[in-house]
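One letter stands for each residue in the lines below.
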Amino acid sequence: MCTHWPPCPPADRPDHDAAVIVSAHPEQGWNLLCNGTIVFDDTGELLPDGRAVAPRAAEGAAVPPSRVSPPV
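Residues numbered from 1 in each chain as written. Predicted model: local features only at pLDDT ≥ 70, side-chain atom pairs only at ≥ 80, totals over all residues. Heavy atoms only, no water.

Re the pairing of strand β2 (residues 30-33)
Let me state the cut-off plainly: Classification of residues uses two cut-offs on accessible area relative to the type maximum, computed with a 1.4 Å probe and protein chains only: under 20% is buried, over 50% is exposed, and between them is partly exposed. Secondary structure counts use DSSP, requiring at least four H or I residues in a row for a helix and at least two E residues in a row for a strand, with both numbered from the N terminus. The pairing criterion is simple: DSSP has to find at least two bridges between the two strands.
Only one face of β2 is buried: it carries N31 and L33, and the other face, with W30 and L32, is open. Relative to β2, strand β1 (residues 21-25) runs antiparallel, the two being bridged by 4 bridges. The residue of β2 that forms the bridge with A24 is N31. What sits between β1 and β2 in their antiparallel hairpin is a turn of 4 residues, with G29 showing a positive phi close to 85°. Note: β2 against strand β3 (residues 38-40), 3 bridges, orientation antiparallel. Looking at β3, one finds that N31 is bridged to V39. Hairpin connection between β2 and β3: a loop of 4 residues separates the two successive antiparallel strands, and G36 in this loop has a positive phi of roughly 90°.

Describing the sheet that holds β2
Spatially, β1-β2-β3-β4-β5 is the arrangement adopted by the 5 strands of the open sheet, whose pairing is antiparallel. Two strands in the sheet have a free side with no partner beyond their single neighbour: β1 and β5 (52-53). Where β3 meets strand β4 (residues 45-46), 2 bridges bridge the pair, whose relative direction is antiparallel. Bridge pairing in β4 links V39 to E45.

As structure tokens, this is what we get:
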């Protein structure tokens, strides 16, 4: 699918999200990469083979109050 030189990393490599954006849809919150991966604004991904990759947690992200355990 990729016609760039050097070619973009394929979807099965750890660095697959470094591929070039071929179709941007910021109004809908996603981009299509040239290796067939769909990347969502929340960092979740849909790989070309249909597998979903869960969003990555931001470093130092605050825990929502509903997830904080009450003091014992």
